[in-house]
Structures are given as structure tokens and as C-alpha cells.
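Listed here are the chains, written in short residue letters.
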Amino acid sequence: MAVRDLTLLSAADFDNFIADHVGDEIYEFVDGKVVQVPSNPWVSNIAGMIFSLIWLHLRTTGLPVNTLTGADGGFMVNGQRFAPDVAYVGPDKRFVDRGYNPDPPDLAVEVVSDEDNRTELKDLAAKLPHYRAAGVTVWVILPRAQRAEIHDPAADPAQPPGQLGPDDDLQVPDLLPGFSLPLREIFSETD
């Protein structure tokens with residue numbers, strides 16, 4: 001099998017690579033580089049709980065549930081290609097059945113797999129300005145630290161993100177009215 005140099009590509013080259021790729025790996029395109037998305041069962045479980053709670057909220061409130069994705073859902077975000085652990089796309093945006101969705105999500109949830117891995121944290125930090133430029137609210141979940149960061153695209157970029165701990169609730173009333181996720185519910189699984 002030929003090894004391809006995937007270090008500096010255009011978005012079109014990345015899209016061609018993904019179209020030809022066969023495998024279970026998930027890749028993102030961040031600032032010209034191909035990044036394989038790290039994961040593990042523990043983080044997948046946390047993302048699954050968040051997905052399930054949002055899905056249940058959508059279902060019980062009558063909002064469309066077919067605009068919620070897990071880690072296999074990819075999105076075009078400010079010229080990049082991201083695959084957040086959980087994403088919600090409002091009903092006013094396109095939602096496609098192939099490739100990376102051309103519209104960015106309204107909410108992206110990024111669960112950090114290894115909070116000590118500087119490469120993973122650097123890759124995440126590189127994504128945040130693109131999310132902001134596209135108007136995406138981002139919840140960064142740090143399970144070991146039992147902390148969540150709220151990156152609001154409308155907030156002053158010079159200010160640090162909102163910080164929540166295990167006794168707080170995640171909410172995004174403008175996107176998911178009435179939704180509230182007690183962080184204790186997901187962090188109790190990390191003890």
C-alpha cells in the first residue's frame with residue numbers, strides 16, 4: 001500500500017483523499033494538515049451520553065432529531081473539515097447524506113481524549129478560531145479535570161471561555177430551548 005504525504009493539502013485534496021479512503025478511521029482537515037481523530041471507549045461513552053441526552057430532549061420537545069450527529073458526522077467549518085464528537089445542526093441548515101456537511105453545525109461538542117496529550121490539545125486549539133468564525137458554539141469536555149469550557153462565538157474573543165464544573169449544567173437556550181445537562185451525570189462516569 002502506498003503511503004501518502006498528508007501534511008499539507010488543499011481542502012479539495014483532502015476531500016479526494018476521504019472519497020477514496022476505506023477504513024474506520026476518522027480524519028479532520030485543520031489548517032492544511034490531515035489529523036486523525038483520537039478516541040477511546042471511555043471518551044466515546046461520554047460523547048454517547050451527551051448525544052443521547054440531547055436526542056432525548058429533541059424527541060420530547062418535538063424538535064427534529066435527524067439533525068444530530070455523533071463522531072462519524074463531518075462538517076465543513078470555515079474551509080476546514082471537522083468531525084466533532086457530537087454536533088447539532090439547526091433545522092434551517094442543509095443536512096447531507098454524503099461527505100462532510102457543507103453547513104457547519106450550530107453546536108459542536110469536543111470531548112478531549114487525553115488531557116495530557118499536547119498534540120491533541122494543540123489540534124483542538126487550532127480548530128476553535130474556525131468554529132468561532134463560522135458562528136459555532138463549542139462545548140469542550142475535559143473528563144479527567146471534570147470541567148467543561150463553553151466557547152460562545154458571540155463572546156469577546158479576548159476573554160477566556162466560560163468554565164463549568166461538575167456541579168454546573170450545560171445549557172444553550174438559543175439553540176436548544178429548555179435543554180439542561182447536569183455535568184455531574186457525565187462526570188460521575190469518570191470517577
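In this report, the structure presented in the accompanying data block is examined. (Residues numbered from 1 in each chain as written. Predicted model: local features only at pLDDT ≥ 70, side-chain atom pairs only at ≥ 80, totals over all residues. Heavy atoms only, no water.)

**Focus: the side chain of Gln80**
Here's step 1: Inspection of the secondary structure puts Gln80 in strand E5 (residues 80–82).
Here's step 2: The exposure class of Gln80 is buried, given its relative accessible area of 8%.
Here's step 3: Here Asp31 takes part through its backbone nitrogen, which lies 2.5 Å from a polar atom of the side chain of Gln80.
Here's step 4: Ignoring sequence-local partners within four residues, the contact set of Gln80 consists of Phe29, Val30, Asp31, Gly32, Phe75 and His130. (Helix = DSSP H or I, 4+ residues; strand = E, 2+ residues; numbered from the N terminus. Buried < 20%, exposed > 50% of the residue type's maximum accessible area, 1.4 Å probe, protein only. Polar contact = N/O pair within 3.5 Å; in protein donor to acceptor, adjacent residues only side chain to side chain. Contact = heavy atoms within 4.5 Å.)

**Regarding the sheet that holds strand E3 (residues 68–69)**
Here's step 1: Reading across from one edge, E3-E6-E7-E8-E9-E10 is the order of the six strands in this open sheet, with mixed pairing throughout. Strand pairing shows two members of the sheet lacking a second neighbour, E3 and strand E10 (162–164), which therefore form its edges.
Here's step 2: Of the pairings in the sheet, the one linking strand E6 (residues 86–88) to strand E7 (residues 107–111) comprises three bridges and is antiparallel in character. What sits directly across from Tyr88, in E7, is Leu107. (Pairing = 2+ DSSP bridges.)

**Focus: the nonpolar core**
Here's step 1: Within the largest apolar cluster, 26 residues are counted, with the highest numbers of intra-cluster contacts made by Ile50, Ile54, Leu107, Trp139, Ile141, Leu176 and Ile186.
Here's step 2: Looking at this core, the elements with two or more residues in it are helix H2 (41–61), E6, E7, strand E8 (137–142), strand E9 (147–151) and helix H4 (183–187).
Here's step 3: The element best represented in this core is H2, accounting for seven residues.
Here's step 4: With sequence-adjacent residues up to four places away left out, Leu176 is seen in contact with Ile54, His57, Leu58, Tyr88 and Leu107.
Here's step 5: Counting 16 residues, the second-largest nonpolar core is a separate cluster that includes Val30, Val35, Ala108 and Leu124. (Core = buried A, V, L, I, M, F, W, Y, C linked by side-chain atoms within 4.5 Å.)

**Observations concerning the side chain of Glu149**
Here's step 1: For Glu149, the location among the structural elements is in strand E9.
Here's step 2: A polar side-chain atom of Glu149 sits 3.3 Å from a polar atom in the side chain of Arg147.
Here's step 3: Side chain to side chain, Glu149 and His151 meet in a polar contact 3.0 Å long.
Here's step 4: If sequence neighbours within four positions are ignored, Glu149 has contacts with Val138, Trp139, Val140, Leu142, Pro161, Gly162 and Gln163.

**Overview of the packing of aromatic side chains**
Here's step 1: Tallied over the full model, the rule gives three aromatic pairs.
Here's step 2: Between Trp139 and Phe179 the ring centres are 6.3 Å apart and the planes differ by 15°, which places this aromatic pair in the stacked class. Pair noted here: Trp139 is in strand E8 and Phe179 is in the loop between strand E11 (169–170) and strand E12 (181–182), with a separation of 40 residues, a long-range link. The pair formed by Trp139 and Phe179 is uniform in burial state, with each residue classed as buried.
Here's step 3: When the ring centre of Phe82 is taken as origin, the NZ or CZ atom of Lys127, which lies over that ring, is 5.1 Å away. (Phe/Tyr/Trp six-rings, centres within 6.5 Å; stacked < 30°, edge-to-face > 60°. Lys NZ or Arg CZ within 6 Å of the ring centre and 35° of its normal.)

**Examining H2**
Here's step 1: When the terminal C-alpha atoms of H2 are compared, their 30 Å separation across 21 residues agrees well with the 30 Å that a helix rising 1.5 Å per residue should span.
Here's step 2: Among all positions in H2, only Val43, Ile46, Ala47, Met49, Ile50, Ile54, His57 and Leu58 are buried. The buried side chains of H2 occupy one side of the element, clustering within an arc of 165° when seen end-on. Along H2, exposed side chains directed more than 90 degrees from the buried face belong to Pro41, Arg59 and Thr60.
Here's step 3: Buried-residue contacts for H2 involve E3, E6, E7, E8, E12 and H4.
Here's step 4: Once H2 finishes, Gly62 follows within two positions and takes phi at roughly 80°, a positive value. (Expected span 1.5 Å × (residues − 1). Arc of directions from axis to C-beta.)

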